[in-house]
Amino acid sequence: SSRGLASSTEIPLVTLLPRAWIGFSRGPWRCVGLAALVLISASGPAVVGHDLRLAGSPWLNRLGDLSVLTSLVLPLLPLLALLRLTDGLLPDRREDRPDQTWRQLLHQAFTLMLLEMLLVLGGVGLIQSLSWMLGRWSTALAGLSVLLGGLVLMSWLFSQTLAFPLLVHERCRALQAMDHSRQLVHRNGLKVLALLGMLLGINLLGLIGATLGLLLSLPFSALVLMACCRPQTPFSNDSRRNMFPT
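Residues numbered from 1 in each chain as written. Predicted model: local features only at pLDDT ≥ 70, side-chain atom pairs only at ≥ 80, totals over all residues. Heavy atoms only, no water.

## Here's the deal with the overall build of the protein chain
In step 1: Within the protein chain one finds 11 helices and 0 strands.
In step 2: Ordered by position from N to C terminus, the α and β elements of the protein chain give α-α-α-α-α-α-α-α-α-α-α.
In step 3: When burial is assessed residue by residue, the protein chain has 39% of its 246 residues classed as buried.
In step 4: A sequence separation of at least 24 residues applies to 73% of the contacts in the protein chain between residues at least 6 apart.
In step 5: Accessible area for the protein chain stands at about 14100 Å²; split by element, carbon and sulfur atoms hold 69% of it. (Helix = DSSP H or I, 4+ residues; strand = E, 2+ residues; numbered from the N terminus. Buried < 20%, exposed > 50% of the residue type's maximum accessible area, 1.4 Å probe, protein only. Contact = heavy atoms within 4.5 Å. Areas by Shrake-Rupley, 256 points an atom, 1.4 Å probe, with all protein chains shown as cover.)

If you want it as structure tokens, here you go:
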């Protein structure tokens with residue numbers, strides 16, 4: 001998969017929406033059903049946890065905190081299912097990938113999520129420590145360290161935009177998905193910025209109508225992300241196949 005990534009470096013931004021529409025038309029109800037599961041698994045435990053924390057009892061408060069934490073992890077299961085479904089619905093499917101069971105996918109997904117969280121928390125802790133040390137000599141240096149450290153951390157998070165989609169598409173390990181995402185984003189920085197803006201706009205539209213539009217915008221966003229995992233070689237005729245509706 002690394003050789004395929006090396007030879008295919010261009011995200012075809014213009015064709016993402018047409019290909020996403022093709023994929024959605026192949027399984028609209030399955031996409032909507034999994035999007036509903038994502039929303040229910042995220043909002044249900046969060047609402048229950050909020051109500052428990054209002055009860056006033058210390059035990060209920062702890063149970064409410066646990067319920068809120070569950071709402072952060074539980075949506076990962078239907079989200080992975082949605083990404084896997086949309087990956088198979090897109091027109092340019094790959095048949096040369098290794099087999100991967102659900103157990104392997106969940107293991108790698110939780111590993112990826114844990115690694116990303118540890119790196120972010122470690123980065124924040126390092127920035128705070130460096131700022132505290134420099135603040136003993138100069139507040140200007142401390143502020144500069146926070147600014148530069150924040151930029152580096154944001155740059156890292158930006159480079160991991162496609163880590164989860166690549167994990168599902170390439171059927172690789174967590175560290176490989178992180179490295180592939182870094183390479184792909186590095187080569188397509190402006191396109192990934194435009195992609196994030198497009199996804200933000202799609203989901204803001206989905207919030208219209210008491211968030212019911214998210215049932216459509218979430219699977220469409222997943223299709224767009226999975227289409228980004230199929231980068232094209234510039235000026236290659238073969239790479240342009242199945243990109244537009246026929």
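Right, picking up where we left off after that structure.
## Things to note about the pattern of salt bridges
In step 1: Going through the model one piece at a time under the given rule, you end up with 3 salt bridges.
In step 2: As a salt-bridge pair, Lys191 and Glu10 come within 3.5 Å of each other at their nearest N and O atoms. Residue Lys191 is found in helix H10 (residues 189-206), and its partner Glu10 is found in the loop between helix H1 (2-7) and helix H2 (16-26); the two are separated by 181 residues along the sequence.
In step 3: Here Asp87 ties to Arg230 by a salt bridge, and the two come within 2.9 Å at their closest N and O atoms. (Salt bridge = Lys/Arg side-chain N within 4 Å of Asp/Glu carboxyl O.)

## Examining the packing of helix H6 (residues 102-135) against helix H7 (residues 139-159)
In step 1: As a packed pair, H6 and H7 sit with axes 8 Å apart at the nearest point and diverge in direction by 170°. Classified by the angle their axes make, H6 and H7 are roughly antiparallel. For the pair H6 and H7, the crossing hand works out as right-handed. In this structure, H6 contributes Glu116, Leu119, Val120, Val124, Ile127, Leu130, Ser131, Leu134 and Gly135 to the contact, and H7 contributes Leu141, Ala142, Ser145, Val146, Gly149, Gly150, Leu153, Trp156 and Leu157. (Axes fitted to C-alpha atoms, helices over the stretch in contact; angles between N-to-C directions. Parallel < 35°, antiparallel > 145°, perpendicular 65-115°, else oblique. Left-handed = near helix turned anticlockwise from the far one by under 90°.)

## What to know about H7
One turn of an α-helix holds 3.6 residues; hence residues three or four places apart share an orientation.
In step 1: In this model, H7 (21 residues) spans 30 Å end to end at C-alpha, consistent with the 30 Å of a helix rising 1.5 Å per residue.
In step 2: Listed in full, the buried residues belonging to H7 are Ala142, Ser145, Gly149, Leu153 and Ser159. Projected onto a plane normal to the axis of H7, the buried residues spread over an arc of 115° and lie on a single side. Turned more than 90 degrees off the buried face of H7, the exposed positions are Thr139, Ala140, Leu147, Leu151 and Met154.
In step 3: Residues of H7 that are buried in the fold lie against H6 and helix H9 (174-187). (Expected span 1.5 Å × (residues − 1). Arc of directions from axis to C-beta.)

## Section: the packing of helix H3 (residues 28-53) against helix H11 (residues 214-228)
In a packed pair of helices, the relevant descriptors are the angle between the two axes and the axis-to-axis distance.
In step 1: Here H3 crosses H11 at 105°, and the two axes come no closer than 8 Å. Classified by the angle between their axes, H3 and H11 sit roughly perpendicular to one another. On H11, the residues that touch Cys31, Val32, Ala35, Ala36, Val38 and Leu39 of H3 are Leu214, Leu215, Leu216, Leu218 and Pro219.
In step 2: Residue composition of the contact of H3 with H11, by class: 11 nonpolar, no polar and no charged. (Nonpolar A, V, L, I, M, F, W, Y, C, P; charged D, E, K, R; others polar.)

## Overview of a nonpolar patch on the surface
In step 1: Residues Leu69, Leu72, Val73, Leu74, Leu77 and Phe110 make up a contiguous nonpolar surface patch of roughly 510 Å² in combined accessible area.
In step 2: Of the residues forming the nonpolar patch, the biggest block, 3 residues, is contributed by helix H4 (residues 58-73).
In step 3: Relative to the assigned elements, Leu69 resides in helix H4. (Patch = residues over 30% accessible without salt bridge, like charges linked within 9 Å, V, L, I, M, F, W, Y side chains within 5 Å.)

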